[in-house]
Amino acid sequence: MITVVLVAAVKSVALVVMVLLGFAYATLLERRLLARFQLRYGPNRTGPFGLLQPFADGIKLIFKESFMPATADRLIYWLAPAISMVAALFVYAVIPIGPEIRFFGATVSLYIADVNVGILLVLGASSIGVYGVILGGWSSNNKYALLGCLRSSAQLISYELAIGLAVVSVVLTAGSLSLVDIVNAQQRLWFVALQPVGFLLFFIGALAETNRAPFDLPEAEQELIAGFHTEYGGFKFAMFYVGEYVGIITMSLLVTTLFLGGWHGPLLPGPHWVAVKTFAFMCLFIWIRATMPRVRHDQLMAFGWKVLVPLGLLNVVATAVIVALVGG
Amino acid sequence: MEWVIFVPAAVLAIAGGVGVIAARQPVHSAIALLVVLASLAVTYLLLAAQFIAVLQVIIYAGAIVVLFLFVIMLLHARSGEGPVEKLPRQRVAAVVFASLFLAALLAGSVAATRPLAPAPEGFGTAQHVGEALFVTYLLPFELASVILMVGIIAAVVVVKRGPPAGRGGR
């Protein structure tokens with residue numbers, strides 16, 4: 001009993017450290033890549049190639065004056081960024097980054113928990129993450145923040161539906177809700193080949209869920225200053241920031257797990273493949289941000305409800321019929 | 001052993017329930033409701049019903065309370081006024097019905113004191129719940145969905161009737 005808890009605790013700590021390091025370098029990657037796309041250099045002065053930039057940013061954010069609007073709702077103002085960050089980190093408990101490996105003679109699984117409703121847990125955590133946005137925008141008592149949070153939560157709820165439908169089609173194909181089983185079902189053929197529509201739906205939904213361009217309306221600078229986190233600074237802002245970038249890593253990891261075969265791949269060991277695929281998707285996210293203009297809010301909602309959701313429903317029905325015919 | 005988890009979850013659920021009715025700000029009430037729902041999810045987990053626990057979080061915490069918050073923020077964002085009591089003598093009625101409900105609950109739990117058998121293999125999994133819904137209880141399930149549909153259509157009809165004075169019809 002004690003060893004089980006201990007092993008899980010050690011794995012959790014290692015994973016959180018890894019994800020936070022990944023977050024730190026995701027910000028650097030984004031700034032450097034965006035700069036290259038715009039024919040600039042980007043931050044390259046702190047350490048070799050600017051590699052120490054994330055730590056400089058972190059130290060700066062921690063030592064900033066902790067500012068709070070006088071009319072803010074204290075409790076919720078503090079609670080919101082914490083919800084955002086914790087919900088983003090929580091999903092890593094069920095996302096597998098590799099199969100079981102031999103490690104100093106002991107068999108170690110490269111996931112913390114193989115829950116038999118794993119993918120639902122991920123969706124649940126992301127729906128809790130919405131509260132960070134809503135409560136943050138409301139509690140700072142600022143009209144731009146409130147407008148940003150309303151927009152953003154409407155967007156998150158709508159696109160969660162598209163993501164959910166894409167996930168349902170994957171679950172139907174794999175025949176399991178456990179992420180480990182879903183990866184194992186892709187040993188021979190990746191689901192991107194069996195579920196191209198689901199893949200597209202999921203990817204578009206992922207862009208919207210992480211509030212990335214072209215769906216970054218919640219923080220449309222021209223209209224809303226910075227959206228829901230307008231009144232946040234210092235470490236509390238950093239927590240929102242962690243939530244956002246960890247969300248990008250999560251979504252890339254989920255695309256990898258659900259559609260690109262997870263740790264399956266030739267030559268390299270499993271975790272390397274997960275890292276390579278995830279990294280490629282993060283670069284794609286940044287590339288899209290550098291390329292696409294922002295859509296209008298009504299266009300965004302219409303696209304979500306009138307195109308993605310019907311398409312997702314059709315995809316689920318088609319998948320169900322095919323699975324029943326082939327498998328039954 | 002399960003007391004370690006059950007007692008904090010139950011205490012949190014009761015505290016949240018008190019918070020829902022005691023909080024002055026509607027938004028605080030909604031957050032207290034969230035605490036109740038989360039603690040209930042934990043108790044579902046203790047009862048080996050993982051699927052129900054996760055659905056509880058996704059549907060109630062993830063969708064319904066978000067809608068509550070939306071309505072609260074759009075309707076009385078910081079107006080500061082308390083809710084108006086429209087029903088006459090509703091406090092008395094609330095006390096009476098709540099005590100009746102409590103009595104029924106207590107009677108039920110006292111009657112069910114015999115030790116329960118452990119959950120059978122596969123209980124609470126998605127397969128098990130799905131089979132119960134779509135095979136064993138198909139008819140009630142479909143009827144429930146029809147009733148929900150009636151509610152949705154009714155809401156659309158009520159909204160469609162629109163404001164009485166007609167400006168700004170599109």
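Residues numbered from 1 in each chain as written. Chains lettered and ligands numbered in written order. Predicted model: local features only at pLDDT ≥ 70, side-chain atom pairs only at ≥ 80, totals over all residues. Heavy atoms only, no water.

A. View of the interface of chain A and chain B. At the junction of the two partners, chain A supplies 24 residues and chain B supplies 21 residues. Taken together, the two surfaces of chain A and chain B that pack against each other cover about 2,100 Å², and 78% of this comes from carbon and sulfur. In terms of surface lost to chain B, no three residues of chain A exceed Tyr131(A), Trp138(A) and Leu150(A), which account for 30% of the buried area on that side. Between chain A and chain B we count two residue pairs in polar contact (both at pLDDT 80 or more) in total. Every element with two or more residues in the side of chain A that touches chain B is listed here: helix 4 (118-139) and helix 5 (143-174) of chain A. No other element matches helix 4 of chain A, which puts eleven residues into the side of chain A that touches chain B. When the residues that make up the side of chain A that touches chain B are grouped by side-chain class, the tally is 16 nonpolar, seven polar and one charged. (Contact = heavy atoms within 4.5 Å. Buried area = accessible area lost by both parts, 1.4 Å probe. Polar contact = N/O pair within 3.5 Å; in protein donor to acceptor, adjacent residues only side chain to side chain. Helix = DSSP H or I, 4+ residues; strand = E, 2+ residues; numbered from the N terminus. Nonpolar A, V, L, I, M, F, W, Y, C, P; charged D, E, K, R; others polar.)

B. Structural context of the confidence of the model for chain A. Here chain A averages 82 in pLDDT, while 95% of its residues score no lower than 70. Per-residue pLDDT, averaged within each element of chain A, yields its smallest value for strand 1 (residues 100-103) of chain A (65) and its largest for helix 8 (residues 196-209) of chain A (88). (pLDDT = per-residue confidence, 0-100.)

C. Molecular detail of helix 8 of chain A. Residue and element names in this part refer to chain A. Its 14 residues give helix 8 an end-to-end C-alpha distance of 20 Å, which sits within 8% of 20 Å, the value for a rise of 1.5 Å per residue. For helix 8, the buried fraction is high: ten of the 14 residues fall into the buried class. Of the positions making up helix 8, those classed as buried are Gly198, Phe199, Leu201, Phe202, Phe203, Gly205, Ala206, Leu207, Ala208 and Glu209. (Expected span 1.5 Å × (residues − 1). Buried < 20%, exposed > 50% of the residue type's maximum accessible area, 1.4 Å probe, protein only.)

D. Region of interest: the nonpolar core. Judged by nonpolar contacts, the single largest core of 95 residues is most densely connected at Leu135(A), Phe202(A) and Leu258(A). Apart from residues lying up to four places away in sequence, Leu135(A) is in contact with Ile76(A), Ala80(A), Ile83(A), Val27(B), Ile31(B) and Leu69(B). (Core = buried A, V, L, I, M, F, W, Y, C linked by side-chain atoms within 4.5 Å.)

E. Structural view of a nonpolar patch on the surface. On the surface, a cluster of nonpolar side chains totalling about 1,100 Å² of accessible area is made up of Met1(A), Val5(A), Met1(B), Trp3(B), Val4(B), Ile5(B), Phe6(B), Val7(B), Val11(B), Val42(B) and Leu46(B). Listing elements by their share of the nonpolar patch, those giving two or more residues are helix 1 (3-22) and helix 2 (26-46) of chain B. Here the element with the most residues in the nonpolar patch is helix 1 of chain B; it accounts for six residues. Examined against the element boundaries, Met1(A) turns out to sit in the segment before helix 1 (2-37). Exposure remark for Met1(A): the relative accessible area of 72% places this residue in the exposed category. (Patch = residues over 30% accessible without salt bridge, like charges linked within 9 Å, V, L, I, M, F, W, Y side chains within 5 Å. Areas by Shrake-Rupley, 256 points an atom, 1.4 Å probe, with all protein chains shown as cover. Salt bridge = Lys/Arg side-chain N within 4 Å of Asp/Glu carboxyl O.)

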